[in-house]
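Examination of the molecular architecture
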Amino acid sequence: MMERISADVAIIGGGIMGSSAALFLRRTGLSVVLLERDLCGSRSSGVNYGGVRRQGRPPSQLPLSQRAQGLWAQLPQLIGIDGEYLRSGHLKIARSEADLAALESYRERTQGFGMDLQILSARALRERCPWLGRAAVGASLCPDDGQANPRLVSPAFALAARRLGADVREQTCIDEAAHDGTAFVLRSGHALEVRARHLLNCAGAWAGTIAAQFGDAVPMESGHPEMAVTEPLPVFLNFSLGVEGGGVYARQVARGNCVIGGGRGYALDEQRARAQRSGIASLMQQTIDLLPALRNAHIIRTWSGTEGYLPDRQPVLGPSATTPGLIHAFGFAGGGFQLGPAVGAVLADLVRDGQTATPIDAFSVSRFSESPRVATTGPVPSAVV
Ligand SMILES: Cc1cc2nc3c(=O)[nH]c(=O)nc-3n(C[C@H](O)[C@H](O)[C@H](O)COP(=O)(O)OP(=O)(O)OC[C@H]3O[C@@H](n4cnc5c(N)ncnc54)[C@H](O)[C@@H]3O)c2cc1C
């Protein structure tokens, strides 16, 4: 027999976006049902690199990213655990003078955003980071950026929402979503029907299908960043590292394992992805150029994930262009983990007040409505951390 439930807000997708929205919405007192096909935090949100960085984002994302930075500082109060969140600093390495000039220009352009970026010359860098290889000619340091454990943090948002009274339904795939003129009606096979006044589309790389059902077609592609982790090593790496222009990023956790990302994996099927052996080999070569200490390190695990990319590499965040009450939050390619807490807060603002003080115009879904559909094939860059 079909179970029928209703709530003020239904959320499709229990990644960090949907779970954080559920948490903030419960704080406003609205009733919430969070619908997750698998387990909350089992997709991008739980398998990412764990970079909690503002540095390197386009200025249009920085107000949202700054709001997130404030929420990360309150993580234990928000979700009940520290999630191994550490403000270790994010060091973006230049491997050429041109890269260093680009870092300097970025620092100039983003001075009003409170990141306190510090440019380090080759000499200053070598004094501060004697473990860096010769590939580095300078860097930009964002001292308060950092890292966290996505496997702990993302599911904890859903658990915290449940503790506050959200109805969290895992292993519940929504395969029908429509508006009947009075409310949104969602169905999961013949098992569940949900009615809600508001619907949040937080379905990650799969959100484009839901958006399209409501006439908000977007040219989203899937991408599969590649990740590897080493055996535990003596701790030496005290920053989360990225490189200007992308390619490789690395951090070391307290247990000594180095988490490394870069390159592209491949899709096993619509939901699962794998790292490529050849990609990991070239990733390790780049990593060793930066971190010679990893020359003989064993890789103990590799993995990938599936995330959604829009052509301008900006997310969609905000109301549907066609359907009142529907709000989208997807396409956070390579940078959504850090933004997650603020995206949840913004979604709660939009449901409660119909607006938010955080600038999100750049992320409007209507930016795609005028343009012809872009081909969904072609290169997708790896996560730029
Ligand atoms: C390998 C990798 C490394 C990354 N590194 C970083 C990083 O260092 N820093 C950073 O800030 N960001 C990083 N990112 C990006 C970040 O992880 C994502 O932007 C973010 O997690 C997206 O969260 P989400 O909630 O939108 O999506 P997801 O976590 O994918 O959640 C969407 C959920 O929706 C569910 N769903 C989909 N369709 C349905 C349906 N029909 N019914 C029910 N449920 C459904 C899915 O099962 C999924 O759990 C990385 C991503 C990857 C893959």
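Throughout what follows, the structure given in this document is the object of discussion. Throughout this description, residue numbers start from 1 for each chain and increase along the sequence as written. Reporting of local features is limited, given that this is a predicted model, to residues whose pLDDT is at least 70; pairs of side-chain atoms are given and counted only at 80 or more, and all residues count toward the totals for whole chains, interfaces and linings. Note that the side-chain values use all heavy atoms of the structure and ignore hydrogens as well as water.

1. Comments concerning the overall build of the protein chain
- The helix count covers DSSP runs of H or I at least four residues long, the strand count covers runs of E at least two residues long, and both are numbered beginning at the N terminus. Helix and strand counts for the protein chain stand at 10 helices and 22 strands.
- Radius of gyration (C-alpha) of the protein chain: 21 Å, near the 21 Å computed for a compact globule of 385 residues.
- Each of the three principal axes of the protein chain carries a C-alpha extent, and together these read 65 × 45 × 40 Å.
- Summarising the internal contacts of the protein chain: among those between residues at least 6 apart in sequence, 74% fall at separations of at least 24.
- Positive and negative charge centroids in the protein chain, built from 37 and 34 side chains respectively, lie 4 Å apart. Every radius of gyration here is taken over C-alpha atoms, with the globule rule written as 2.2 Å times N^0.38, N being the number of residues. The contact criterion used is simple: two residues touch if any of their non-hydrogen atoms lie within 4.5 Å. Neither His nor the chain termini are counted; the positive set is Lys and Arg, and the negative set is Asp and Glu. All charge positions are set by atom: Lys at NZ, Arg at CZ, Asp at CG, Glu at CD.

2. Let's talk about the site of the ligand
- Note on terminology: near, applied to a residue and a molecule or strand, indicates that one of the residue's heavy atoms is within 4 Å of it. Taken together, 36 residues form the shell around the ligand, and within it E36, R37, S45, G51 and Q338 come nearest.
- For the ligand, a nitrogen atom lies 3.3 Å from a polar atom in the backbone of Y49.
- At 2.9 Å from an oxygen atom of the ligand is found a main-chain nitrogen or oxygen belonging to G51.
- Taken together, the elements giving at least two residues each to the shell around the ligand come down to α1 (16–27), α2 (44–47), β13 (225–230) and α10 (336–353).
- Lys, Arg, Asp and Glu make up the charged group, whereas Ala, Val, Leu, Ile, Met, Phe, Trp, Tyr, Cys and Pro make up the nonpolar group; the residues left over, Gly among them, are polar. Of the residues assigned to the shell around the ligand, the class counts are 16 nonpolar, 15 polar and five charged. Throughout this description, a polar contact denotes any pair of N or O atoms lying within 3.5 Å of each other; where both atoms belong to protein, one of them has to be capable of donating a hydrogen while the other can accept it, and for residues adjacent in sequence the pair is counted only when both atoms sit in side chains.

3. Concerning the packing of helix α3 (residues 62–72) against α10
- It is at 7 Å that the axes of α3 and α10 come closest, and there the two elements cross at 100°. In terms of orientation, α3 lies roughly perpendicular with respect to α10. For the pair formed by α3 and α10, the contact residues are L64, S65, R67, A68, Q69, L71 and W72 on the first element and F337, Q338, L339, P341, A342, V343, A345, V346 and D349 on the second.
- When its residues are assigned to classes, the contact of α3 with α10 shows 11 nonpolar, three polar and two charged. Lines are fitted to the C-alpha atoms to define the axes, a helix being fitted only along its stretch in contact, and any angle between axes, read from their N-to-C directions, falls within 0 to 180 degrees. Convention used here: angles under 35 degrees read as roughly parallel, angles over 145 as roughly antiparallel, angles from 65 to 115 as roughly perpendicular, and any remaining angle as oblique.

4. Considerations on α10
- The span one expects for a helix is its residue count, reduced by one, times 1.5 Å. Helix length check: α10 (18 residues) gives 24 Å between terminal C-alpha atoms against 26 Å at 1.5 Å per residue, within 8%.
- The sharpest bend along α10 measures roughly 35° and falls at A342.
- By the criterion of burial, α10 is predominantly enclosed, with 16 of the 18 residues buried.
- Of the residues trailing α10, G354 is marked for its positive phi of about 75°. Working definition for bend: take the seven residues up to and ending at a residue and the seven starting at it, fit an axis to each, and measure the angle between the axes. Only protein chains enter the area calculation, which uses a 1.4 Å probe; residues under 20% of their type maximum are buried, those over 50% are exposed, and those in between are partly exposed.

5. Things to note about helix α9 (residues 277–290)
- For α9, with 14 residues, the first-to-last C-alpha span of 20 Å sits near the 20 Å given by 1.5 Å per residue.
- Listed in full, the buried residues belonging to α9 are G279, I280, L283, M284, T287, I288 and L290. Burial along α9 is one-sided: seen end-on, the buried residues are contained in an arc of 165°.
- Looking at the packing, one finds that the buried side of α9 touches β4 (90–94), β13, β14 (240–243), β16 (258–264) and β19 (299–304). Taken from the helix axis, the directions to the C-beta atoms give the arc we talk about.

6. Notes on the environment of Q77
- One can find Q77 in helix α4 (residues 75–79).
- Exposure remark for Q77: the relative accessible area of 58% places this residue in the exposed category.
- Sequence spacing of Q77 and I327 is 250 residues, and the spatial spacing of their C-alpha atoms is 27 Å.

7. Topic: the nonpolar core
- Counting residues in each nonpolar core, the largest one holds 49 residues, and the members touching the most others are I11 and L200.
- Counting residues per element, the ones that place at least two in this core are β1 (3–12), α1, β2 (32–35), α3, α4, α7 (150–163), β22 (326–330) and α10.
- In terms of residue count, the dominant contributor to this core is α10 (10 residues).
- The contact partners of L200, leaving out residues within four places of it in the chain, are V9, A10, I11, I12, A21, L25, I327, L347 and V351.
- In this structure, A228, F239, I260 and A275 belong to the second largest nonpolar core, which totals 29 residues. The set of buried Ala, Val, Leu, Ile, Met, Phe, Trp, Tyr and Cys residues whose side-chain atoms join them within 4.5 Å is what this entry labels a nonpolar core.

8. So, unusual backbone geometry
- The phi dihedral of Q171 is positive, around 50°, even though this residue is not glycine.
- Positive phi, normally seen in glycine, also occurs at R313, with a value near 60°.
- When you line up the elements, R313 lands in the loop between β20 (307–309) and β21 (316–319).

9. Regarding the packing of α1 against α10
- Two numbers describe how α1 lies on α10: the axes approach to 7 Å, and their chain directions differ by 45°. What the angle tells us is that α1 and α10 run oblique. In terms of crossing hand, the pair formed by α1 and α10 is right-handed. For the pair α1 and α10, the contacting residues are I16, M17, S20, A21, F24 and L25 in the first and G336, F337, G340, P341, V343, G344, A345, L347, A348 and V351 in the second.
- Broken down by class, the residue content of the contact of α1 with α10 amounts to 12 nonpolar, four polar and no charged. In this scheme the handedness of a crossing depends on how the near helix is turned from the far one: anticlockwise by less than a right angle means left-handed, clockwise means right-handed.

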